[in-house]
Amino acid sequence: MSSDTFLASKRMSDEVKADLPLHPEKYTMLTGDRPTGRLHLGHYFGTIIERVKLQNLGVTSRILVADYQVITDRDSTEHIADNVHNMVIDYLACGIDPEKTIIFNHSAVPALNQLMLPFLSLVTESELLRNPTVKAEQEASGHALTGLLLTYPVHQACDILFCKGNIVPVGKDQLPHIEQTRQIARRFNERYGRVFPEPVGLLTEAVEIPGLDGRKMSKSYGNAIALSATPEETAKLIKKSKTDSERFITFDKENRPGVSALLTTAALTTGRDEVEIAAEVGNEGSGALKRYVTEAVNSYLAPIRERRAELEARPEYIREVLHEGNRRANEIADATLAEVREAMGMVY
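My aim in this report is to walk through the structure given alongside it, one point at a time. None of the values given here were measured: they were computed from a predicted structure. Here, residues in each chain are numbered from 1, in the same order as that chain's written sequence. Only residues with pLDDT of at least 70 get local features here, since the model is predicted, and only at 80 or more are side-chain atom pairs given and counted; chain-wide, interface and lining totals rely on the full set of residues. By convention in this description, side-chain values take in all heavy atoms of the structure and omit both hydrogens and water.

## A closer look at the environment of Leu-129
To qualify as a helix, a DSSP run of H or I must reach at least 4 residues; to qualify as a strand, a run of E must reach at least 2; elements of each kind are numbered from the N terminus. Structurally, the position occupied by Leu-129 is in helix H6 (residues 125–130). A C-alpha to C-alpha distance of 16 Å links Leu-129 and Asp-73, two positions 56 residues apart in sequence. Those residues in contact with Leu-129, other than ones at most four positions away along the chain, are Lys-135, Leu-145 and Leu-150. The criterion used for residue contact is that any of the two residues' heavy atoms lie within 4.5 Å.

## Examining the state of the cysteines
Any pair of cysteine sulfurs within 2.5 Å is marked as a disulfide. Applying the stated criterion to the full structure yields zero disulfides. Here Cys-163 is not cross-linked by a disulfide; its sulfur's nearest cysteine counterpart is in Cys-158, at 11 Å. We call a residue buried when its accessible area falls under 20% of the maximum for its residue type, exposed when it is over 50%, and partly exposed in between, using a 1.4 Å probe and counting protein chains only. Overall, Cys-163 belongs to the buried group, its relative accessible area being 7%.

## Here we look at the side chain of Thr-265
Among the secondary structure elements, Thr-265 is positioned in helix H12 (residues 257–270). When near neighbours in sequence (up to four residues on either side) are disregarded, Thr-265 contacts Leu-41, Ile-209, Pro-210, Val-293 and Val-297.

## Here we look at the packing of H12 against helix H14 (residues 285–312)
Relative to each other, H12 and H14 sit at 35°, their axes nearing to 9 Å. Our pair here, H12 against H14, has a crossing hand that is left-handed. On the side of H12, the interface is formed by Val-259, Leu-262, Leu-263, Thr-265, Ala-266, Leu-268, Thr-269 and Thr-270, while H14 contributes Leu-289, Lys-290, Tyr-292, Val-293, Ala-296, Val-297 and Tyr-300. When grouped by side-chain class, the residues that make up the contact of H12 with H14 number eleven nonpolar, three polar and one charged. Helix axes use the C-alpha atoms of the stretch in contact, all axes being lines fitted to C-alpha atoms, and the angles between their N-to-C directions lie in the range 0 to 180 degrees. For any pair of crossing helices, the crossing counts as left-handed if the nearer helix is rotated counterclockwise from the farther one by less than a right angle, and right-handed if it is rotated clockwise. Residues are grouped as follows: Ala, Val, Leu, Ile, Met, Phe, Trp, Tyr, Cys and Pro are nonpolar; Asp, Glu, Lys and Arg are charged; all remaining types, including Gly, are polar.

## Focus on the packing of aromatic side chains
A pair of aromatic rings is counted whenever rings of Phe, Tyr or Trp (Trp by its six-membered ring) have centres within 6.5 Å, and the orientation is called stacked for planes under 30 degrees apart, edge-to-face for over 60 and tilted otherwise. By the definition in use, this model includes eight aromatic pairs. Relative to Phe-196, the ring of Phe-188 has its centre 5.3 Å away and its plane inclined at 70°; by these criteria the two rings are edge-to-face. Each member of the pair, Phe-188 as well as Phe-196, is classed as buried. Each member of the aromatic cluster is reached from another via a ring pair, and the members are Phe-119, Phe-188, Tyr-192 and Phe-196. Directly above the ring of Phe-6 sits Lys-172, whose terminal nitrogen or CZ lies 4.6 Å from the centroid. Above the plane of the ring of Tyr-317 lies Arg-314, whose end atom (NZ or CZ) is 4.3 Å from the centre. Consider the ring centre and the ring normal. A charge sits over the ring if Lys NZ or Arg CZ is within 6 Å of that centre and within 35 degrees of that normal.

## Some points on H14
Residue count minus one, scaled by 1.5 Å, sets the expected span of a helix. Spanning 28 residues, H14 covers 38 Å between terminal C-alpha atoms, matching the ideal 40 Å at 1.5 Å per step. A residue's bend is the angle separating two fitted axes: one through the seven residues that end there, the other through the seven that start there. Along H14, the largest kink reaches about 45° and is centred on Ala-302; proline Pro-303 follows within four residues of it.

Following this line, the structure appears as structure tokens:
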């Protein structure tokens, strides 16, 4: 993404942020996650807090459990039902309200996926191959470039546009997806008449929470603290986290990634500053730091875990939330597909 495109995206994001508190009813948010494992602290601080905030502000909210996108870079759907079930539990435990937010999954909304056909006619192969996320996912997975991975950005455009989503909370690295969606919406409108909004990427200000080894927190790296982890499991994970041989604790992301990752985790879960925490631990070493982080994380997650336990005891309710969300998403998708067919002159 060029610097000019980024600056234009940031300007649009800033304008929306200024308008949101005044006119939340103007906006429809679409966001979601792939059910490839348990949600973790990185998801929570990176996106879930922002979703709850927008939901409670009065923004029309839709959250996608992107089950079809699991197979963009995986050969199996083993454990997917359990992952979907627990993802819904995590959403609800963190404050997503199914009365205000539709929670749904790809495979249950056929009309959403049918938008792929007209949308694919609006992009070129070279445009898809240039998408940085497609390149990154292919390199990370080691797989051959499948048709589904190549068209992943188009599927995301279907996700956003089926419900006329006009804001999508994203990090800077996801802006190319939003630009591709804006392009698809613009080209459809120019060719067939205005049907879709051109969505704005709402740049999030959340600090990226590092994993316990200093790298990005990720399920695939095994360096994440799951929201569903018990206090004992959390303590064990933090105790095993990588630090270094220097006893005195300092915050230095470049030279001390492991120690700094722990300090950032502590800062996010206590509302304090990394440097301040480092100075407090000082010469007591990494053992004292790990004990501090363990207490901070477990205290922060306690109310979420309590709510999680209540929800785990109600599996039928979780199924009802997803089934009702799918029902409502199908109504929206069917209406949008009908509008698309009308615009394309395909009602016979």
